[in-house]
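Overview (structure and organization)
Below are the chains, spelled out letter by letter.
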Amino acid sequence: MPSILIIDDNASVGTALEVLFSLHDIDALHALSPEAGLALLEQQPVDLVIQDMNFTEDTTSGEEGEALFQQIRARHPDLPVILLTAWTHLSSAVDLVRAGAADYLAKPWDDRKLLVTVNNLLELSETRRELDRRRDREQRDRTALEARYDLRGAVVADPASERVVNLACQVARSALPVLITGPNGAGKEKIAEIIQANSLVAKGPFVALNCGAIPAELIEAELFGSEAGAYTGANRAREGKFEAADGGTLFLDEIGNLSLGGQMKLLRVLETGRFERLGSNRERQVKVRVVSATNADLPAMIRDGSFREDLYYRLNTVELALPPLAERPGDILPLAERFLSGDKALSSAAATALQRHSWPGNVRELRNVIQRAELLAQGTRIDVADLNLPRAPVAARTTAPSADPDRSRIEAALAHNHGIIAQAAAELGLSRQALYRRMDRHGIPRE
């Protein structure tokens, strides 16, 4: 049951408020003086304070209340305080609200308005506490993850990226092939490096090949090597990526760009560890952990015949789906700070602009934006203008939003807003109570 501390020298005021709150399942404590109120705050936790502004008879200056408010704010900076008095000045109210007061109500008060204000503040306080608890849990989990595994300097600040990294570390010590999916620039190669660093072949080589950057006619030579004269321009024998990665990890980025012929040979290597160089009949043997990545829809490519189904299932023993940066909002500012190389810092407005940007280019775009802004910023702080972010286009709404979101939309909104009910409800266009009702209807727990 939530609890409220009432600090008022009028016993009848305390009694009236105690009765009002008890009828609405709220526990109320009453102190007749600022000193008694401050002492009670030290003795037991409360969720909210309602305090008078004058405690001495015939005093109307409000200075006693302001002094009490400042003492509460100094000792309990996150505790919401409602100021309640028969004597009010608008300037005093504005000053105290700016200083952190939650609200300023006049006596005699309106029960309905007071209850609405109190319930809103109690819910907001509980939301903040739950968010703090969740952040504490996530921080402990991240600390444990960093202590147990080599994360290769990766920024893991968002629960979505933490889940992917955690799974990558868990599967790292197996020899199974891993397929990393996700958009360009999201950080798939960093995940591959984490797998290598925590694998049984961590001391072996880590060799990366972007299959999309090599012409189709040369990709097989890059993978398997070639003998002199195997193709035009092959003046000498050269080893391929599989030989270079022997005893370690081979990371094949943009695996969807591999030709069908290359796919067939890759499948054979994955199954047997054997291959021949281009232009050679001599079979070679290697032991390589293969990690591949793609931003393509491989199942769709299988359906249209451009990707082998048997290779897909061989590569996809374990799939790690890395979300785009826009779906990992907790990573944005830590990544931006990581990319800052000099003594410049982001202004609060610039930080807000970064968090609001959609990041179609993902982590790669963020790095480029920060590097450019750091170069262009004149002073020691990077402001919004230095970021030079494009203005988001205003999309015309063609259909009205659904008034009754389904389970997947509700879960997505809760995940996007880190479980904060008020923010998830706003995103869905619902009130908090309406969202709670739909969560109960779909069996979504109120964590």
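The structure reproduced in this document is the subject of the present report. (Residues numbered from 1 in each chain as written. Predicted model: local features only at pLDDT ≥ 70, side-chain atom pairs only at ≥ 80, totals over all residues. Heavy atoms only, no water.)

Some thoughts on the overall build of the protein chain
What counts is decided by this rule: Secondary structure counts use DSSP, requiring at least four H or I residues in a row for a helix and at least two E residues in a row for a strand, with both numbered from the N terminus. In this setup the radius of gyration rests on C-alpha atoms only. A globule is expected at 2.2 Å times the number of residues raised to 0.38. Throughout, exposure labels follow a simple rule: accessible area from a 1.4 Å probe, protein chains only, divided by the maximum for the residue type, with under 20% read as buried, over 50% as exposed, and the rest as partly exposed. We call two residues in contact whenever any of their non-hydrogen atoms come within 4.5 Å of each other. The protein chains shown are the only cover counted for residues, whose accessible areas, like all others here, come from Shrake-Rupley with a 1.4 Å probe.
Along its length, the protein chain carries 19 helices and 14 strands. Relative to the globule expectation of 22 Å for 447 residues, the C-alpha radius of gyration of the protein chain, 31 Å, shows a markedly less compact shape. With the principal axes as the frame, the protein chain shows a C-alpha extent of 105 × 55 × 50 Å. With 447 residues in all, the protein chain has 45% of them scored as buried. Of all intrachain contacts in the protein chain linking residues separated by at least 6 positions in sequence, the fraction that spans at least 24 positions is 66%. Accessible area for the protein chain stands at about 23400 Å²; split by element, carbon and sulfur atoms hold 50% of it.

So, helix α10 (residues 260-272)
What counts, and what does not: Each helix should span, by expectation, one fewer than its residue count multiplied by 1.5 Å. An arc is given here, and it is the one of the directions from the helix axis to the C-beta atoms.
A rise of 1.5 Å per residue sets the reference length of α10, with its 13 residues, at 18 Å; its end C-alpha atoms lie 18 Å apart and thus fit the reference within 8%. Within α10 the residues assigned to the buried category are Gly 262, Gln 263, Leu 266, Leu 267, Val 269 and Leu 270. Viewed along the axis of α10, the buried residues span an arc of 165°, placing them on a single side of the element. Turning to α10, the residues buried within the fold contact α8 (216-224), α9 (241-244), β8 (249-253), β9 (274-276), β11 (289-294) and α12 (309-315). Where α10 terminates, the next one or two residues include Gly 273, which has phi positive at roughly 75°.

Brief notes about the sheet that holds strand β6 (residues 178-181)
Keep this limit in mind: Note on pairing: two strands pair once DSSP finds at least 2 bridges between them. Every angle, taken between N-to-C directions, lies between 0 and 180 degrees, and every axis is a line fitted to C-alpha atoms, over only the stretch in contact when it is a helix.
Strand order in the open sheet made by the five strands is β7-β8-β11-β6-β12, with parallel pairing throughout. Every interior strand has two partners, whereas the edge strands, β7 (206-210) and β12 (318-321), have only one. On average, each strand axis in the sheet is inclined to that of its neighbour by 20°, with strand direction left out of account. Pairing of β7 with β8 involves five bridges; the strand directions are parallel. When the bridges of β8 are listed, Asn 210 appears paired with Asp 253. Packing of helix α7 (residues 188-197) onto the sheet brings it into contact with β6, β7, β8, β11 and β12, and relative to β6 it is tilted by some 155°.

Some details on the side chain of Glu 374
In plain terms, the rule: Just so you know, the count uses Lys and Arg for positive and Asp and Glu for negative, and it drops His and the chain ends. When a carboxyl oxygen of Asp or Glu is within 4 Å of a side-chain nitrogen of Lys or Arg, the pair counts as a salt bridge. The term polar contact refers here to a pair of N or O atoms within 3.5 Å; inside protein, the definition further demands a hydrogen-donor-capable atom paired with an acceptor-capable atom, and it admits residues adjacent in sequence only when both atoms are side-chain atoms.
With respect to the helices, strands and loops of the structure, Glu 374 is situated in helix α15 (residues 362-376). Buried and unpaired, Glu 374 has Lys 344 as its nearest opposite-charge partner, separated by 6.8 Å. At 2.6 Å, the side chain of Glu 374 forms a polar contact with the backbone nitrogen of Gly 342. Here Glu 374 is in contact with Phe 339, Leu 340, Ser 341, Gly 342, Lys 344 and Ile 382, once residues within four sequence places are set aside.

Considerations on the pattern of salt bridges
Taken as a whole and assessed by the stated rule, the structure comprises 15 salt bridges. A salt bridge links Glu 283 to Arg 268; its shortest N-O distance comes to 2.3 Å. Of this pair, Glu 283 sits in strand β10 (residues 283-285) while Arg 268 sits in helix α10, and the two are 15 residues apart along the sequence. Because the salt bridges share partners, they merge into one network encompassing Glu 227, Glu 243, Arg 277 and Arg 284.

Observations regarding unusual backbone geometry
Phi at Asp 25 takes a positive value of approximately 60°, unusual for a residue other than glycine. Judged by its relative accessible area of 56%, Asp 25 is exposed. In this model, Glu 254 sits at a positive phi of 50°, which is unusual for a non-glycine residue. On the secondary structure map, Glu 254 appears in the loop between β8 and α10. Overall, Glu 254 belongs to the buried group, its relative accessible area being 11%.

Re the packing of aromatic side chains
Just so we agree on the cut-off: For Phe, Tyr and Trp, where Trp contributes only its six-membered ring, two rings pair if their centres lie within 6.5 Å, and the inter-plane angle classes them as stacked under 30 degrees, edge-to-face over 60, or tilted in between.
Applying the stated criterion across every chain yields a total of five aromatic pairs. Between Phe 224 and Phe 242, the ring centres sit 5.8 Å apart and the planes meet at 5°, which makes this aromatic pair stacked. Taken together, the residues span a long stretch of sequence, with Phe 224 in helix α8 and Phe 242 in helix α9 at a distance of 18 residues. A single burial state applies to Phe 224 and to Phe 242, both of which are buried. Judged by centre distance (5.9 Å) and plane angle (35°), the ring pair of Phe 224 and Phe 275 falls under tilted. Taken together, the positions of Phe 224 in helix α8 and Phe 275 in strand β9 put the pair 51 residues apart, joining distant regions of the chain.

Notes on the nonpolar core
Rules: The nonpolar core is taken to be a set of buried Ala, Val, Leu, Ile, Met, Phe, Trp, Tyr and Cys residues, with the residues joined through side-chain atoms within 4.5 Å.
Within the largest apolar cluster, 27 residues are counted, with the highest numbers of intra-cluster contacts made by Leu 223, Phe 242, Leu 252, Ile 255, Leu 266 and Phe 307. Among the elements of the structure, β7, α8, β8, α10, α11 (298-303) and α12 are those that each provide at least two residues to this core. Examining the composition of this core, we find that four residues originate from one element, α10, more than from any other. Not counting the four nearest positions on each side in its chain, Leu 223 is found in contact with Leu 209, Gly 240, Lys 241, Phe 242, Leu 250, Leu 252 and Leu 258. Within the second largest apolar cluster, 24 residues are counted, among which are Ala 154, Cys 169, Val 171 and Phe 251.

Side note on the pairing of strand β4 (residues 81-85)
Within a regular strand, side chains alternate between the sheet's two faces. The buried fraction of β4 is high, at five of five residues. The alternating pattern of β4 places Val 81, Leu 83 and Thr 85 on one face and Ile 82 and Leu 84 on the opposite face, and all of these are buried. As judged from the three bridges shared by strand β3 (residues 48-51) and β4, these two strands associate in the parallel manner. Paired with Val 49 across the strands is Val 81, a residue of β4. Where β4 meets strand β5 (residues 103-106), four bridges bridge the pair, whose relative direction is parallel. Its bridge partner lying in β5, Thr 85 is registered against Ala 106.

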